[in-house]
Structures are given as structure tokens and as C-alpha cells.
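# Architecture at a glance
Okay, here's what each chain looks like letter by letter:
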Amino acid sequence: MFEMNAEILKRLRVKPGKKISLARDFDPDFDASLSREESEAALRESVGRLTELQDKLYAQNTYSLLVIFQAMDAAGKDGTIKHVMSGLNPQGCQVFSFKAPSQEELDHDFLWRPAKALPERGRVGIFNRSYYEEVLVVRVHPEFLERQQLPPHAKGKGVWKQRFQQINNFERHLVENGTVVLKFFLNVSKDEQKKRFLERIAEPEKHWKFSAQDVVERGHWDAYMAAYQECFRATSTDWAPWYVIPADDKAFMRVAVAGIICRALEKLKLSYPVIPSDKLHALADAKAALEAE
Ligand code: ATP
Ligand code: MG
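Fair warning: this is a prediction, and the values are worked out from it, not measured in the lab. (Residues numbered from 1 in each chain as written. Chains lettered and ligands numbered in written order. Predicted model: local features only at pLDDT ≥ 70, side-chain atom pairs only at ≥ 80, totals over all residues. Heavy atoms only, no water.)

## Quick look at the packing of aromatic side chains
The geometry of an aromatic ring pair comes down to the distance between the two centres and the angle between the two planes. Spelled out, the test is: Stacked, tilted and edge-to-face pairs are distinguished by plane angle, under 30 degrees for stacked and over 60 for edge-to-face with tilted covering the rest, among Phe, Tyr and Trp rings (Trp via its six-membered ring) whose centres lie within 6.5 Å. Where helices and strands are cited, they refer to DSSP runs of H or I of at least four residues and of E of at least two residues respectively, numbered from the N terminus. Buried means the residue's accessible area, taken with a 1.4 Å probe over protein chains only, is under 20% of the maximum for its type, while exposed means over 50%, and partly exposed covers the values in between. Our definition puts a charge over a ring when NZ of Lys or CZ of Arg is within 6 Å of the ring centre and also within 35 degrees of the ring normal.
For the structure shown, the criterion picks out 15 aromatic pairs. Here F69 and F184 contribute two aromatic rings whose centre-to-centre distance is 5.6 Å and whose plane-to-plane angle is 25 degrees, an arrangement assigned as stacked. Of the two residues, F69 is situated in strand β1 (residues 64-71) and F184 in strand β4 (residues 179-187); the sequence distance between them amounts to 115 residues. For F184, a relative accessible area of 0% puts it in the buried group. With a centroid separation of 5.7 Å and an interplanar angle of 80 degrees, the aromatic rings of F197 and F210 are classed as edge-to-face. With F197 in helix α10 (residues 190-202) and F210 in the loop between α10 and α11 (212-218), this pair connects stretches of sequence that are 13 residues apart. Aromatic rings pair up to connect F96, F98, F127, Y131, Y132, F170, F185, Y228, F232 and W242 into one cluster. One residue, R163, lies across the ring of F110, its end atom 4.6 Å from the ring centre.

## Digging into the sheet that holds strand β5 (residues 242-246)
Put simply, the test is: Between any two strands, pairing holds if DSSP finds at least two bridges. Here, axes are lines fitted to C-alpha atoms. For helices the fit covers the stretch in contact, and angles between N-to-C directions go from 0 to 180 degrees. Should any heavy atoms of two residues lie within 4.5 Å, those residues are counted as being in contact.
In spatial order, the strands read β2-β3-β1-β4-β5; together these 5 strands make up an open sheet with parallel pairing. If you trace the sheet from one side to the other, it starts and ends with β2 (93-97) and β5, each paired once. Pairs of neighbouring strands in the sheet enclose a mean axial angle of 20 degrees, with direction left out of account. With 8 bridges connecting them, β1 and β4 associate as parallel partners. Counted as the bridge partner of V67 is L182 from β4. Lying on the sheet, helix α13 (residues 250-266) is in contact with β1, β4 and β5; it crosses β4 at an angle near 165 degrees.

Purely geometric stuff here, so don't read any function into it on its own.
Given below as C-alpha cells:
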């Protein structure tokens with residue numbers, strides 16, 4: 001049975017402080033030598049573990065989990081969210097998708113929107129895209145920054161460094177207050193993206209997933225990769241690391257994400273709340289009363 005072991009984890013994690021190269025250090029097509037059956041079995045096993053872990057997370061009501069997904073179009077964010085979270089109790093789980101910001105959102109600082117969407121204690125919150133767009137798409141398209149009505153010192157040359165620092169501080173604050181923050185970049189290759197776009201165009205049931213704008217963004221591929229690379233170097237921290245997940249093989253991608261989430265939750269040593277002894281008496285009294293009815 002495949003297991004997300006320390007060695008694989010190390011290969012996928014962006015080591016804090018390290019000057020990584022996306023192209024050199026992270027292959028979109030990781031060979032895990034897993035058969036289809038093996039990866040399906042591994043995913044089922046992780047999803048089962050996640051179900052139990054989430055139940056305790058919810059009952060204990062102390063920690064929360066924030067899972068961030070970033071990727072180029074067609075890398076498989078939606079499918080990964082669907083599969084990995086398939087065993088979760090919807091009551092304790094929420095997904096928030098970050099689209100282009102509204103006028104109201106633009107009239108606030110860039111962490112206002114995510115702050116409102118954070119998971120409560122006991123819950124799992126998923127960000128499908130996130131505030132990282134603020135150092136990715138906004139960096140690739142400087143006109144988006146222009147639209148943000150920022151004072152001169154917040155849009156000058158040092159803006160990206162400043163934002164990386166603000167993001168690190170924000171995440172540190174979350175972690176110190178009980179939120180586990182996991183960040184996944186689904187690393188699809190440019191060739192594989194093209195193949196998936198062509199499939200979306202060829203198959204009528206997939207037309208809705210395709211947008212001509214996606215091809216325009218593909219034209220900025222190198223600028224995006226440069227922005228991602230700098231972002232990972234600056235914001236993969238000990239408290240909120242980035243994982244670069246090979247995304248050309250969807251089955252492995254899902255197994256890897258599920259395995260990493262399980263490991264992070266297991267580290268919390270979650271447990272069901274222990275009922276204090278005076279409450280135990282109340283339980284016994286309630287039992288007696290019910291039985292006497
Ligand atoms: P996705 O592309 O994530 O699968 P979608 O196609 O349903 O989702 P879109 O309408 O394409 O949704 O919205 C996502 C788009 O919003 C992306 O192109 C993303 O770059 C953009 N976006 C997200 N956050 C911001 C931001 N803060 N500033 C500018 N653009 C943003
Ligand atoms: Mg889109």
C-alpha cells in the first residue's frame with residue numbers, strides 16, 4: 001500500500017528559505033510507480049482516515065484546518081477538492097472560491113476577503129485560489145494593482161516583498177491561534193494543460209469548463225512560473241509550508257494531497273473531549289430517567 005512517507009513528503013515540500021527552481025526541482029510528472037488500483041486503494045485509505053480525523057477535529061473544537069489550492073488553469077483543483085474531501089462531513093467543511101475581486105473587496109486591504117472566509121474552530125476550510133492571487137495574477141497583470149486604489153508606498157517597487165511579508169505574518173497569526181495552514185500548488189506542465197484544454201473543447205460536456213481567457217493566461221505562462229517561484233521562496237515557512245504536487249498524473253496528485261493532509265492532522269494528536277466527572281453523573285441520571293419513563 002502506498003504511504004505518504006517522510007521521503008516523498010520532503011521531495012514535495014518547498015524547504016523554507018531555500019532558493020528553489022520550479023523547473024529544476026519539481027517535475028510535474030513524478031514517477032511514483034503506482035498502478036491505478038494502488039492509487040485508488042491509497043486514496044480510499046486516506047479518505048477514510050480523514051473522515052475520522054475530521055470527526056475529532058469537529059468534536060474537539062480547538063483547531064481548524066485551512067487548505068489552500070493554487071494552480072494554473074486545468075491543473076485539477078476542482079477534481080482534487082472533490083475527491084480528497086469526499087469523506088468529509090459537509091457540516092464541518094466549507095469551500096471558498098476566489099474570483100476577480102468585487103468593488104467592495106477592492107475597497108479593502110487584500111487580506112480582508114480571506115479573513116472573512118476563514119474556517120471556524122473545528123472546521124476544515126478550503127480556498128480554491130486564495131490571497132496568493134495577489135502576488136500571482138496581480139503581478140502578471142500590473143493593471144490589476146492599479147485598480148486597487150493603493151497609496152504610493154503600497155504599490156511601489158517593494159510591493160511584492162511587502163506582500164510576502166504581510167502574508168507570512170497573517171499565516172503566522174493564524175497558526176499561533178490554532179489554524180493549521182497547508183498550501184498546495186498543483187504543478188501541471190504546459191503540454192498537459194494544452195491537452196486538457198483541447199479535451200475541454202472537443203467534449204460538449206466539458207465546454208462549460210473552458211474559457212477563452214484561459215488561453216490568454218496560458219500566453220503568460222513564463223511570467224506565472226516566475227511569479228510562483230518567487231512566491232514559494234518567500235512564503236514557504238516552517239509554520240505554513242508550500243507543497244508542489246505533480247499534477248500531470250491526477251491519481252497521484254490526489255493521493256499526495258490526501259496523504260499530506262492526513263499527516264498534518266495526525267500531528268495534532270486530536271481526541272474526543274473527555275466528559276468531566278460531574279457531567280458523567282448527569283449522563284447516569286439521564287439514563288435512569290429515560291429508563292423509568
Ligand atoms: P478557476 O479558474 O479557479 O477554475 P473559474 O473558472 O470558475 O475558476 P474564474 O471566473 O476564472 O473562475 O475566476 C478565477 C479568476 O479570478 C482567475 O483567473 C484568477 O486569477 C482571478 N482572481 C482571483 N483572485 C484575484 C485577485 N485578487 N485579483 C485579480 N484576479 C483574481
Ligand atoms: Mg477560470
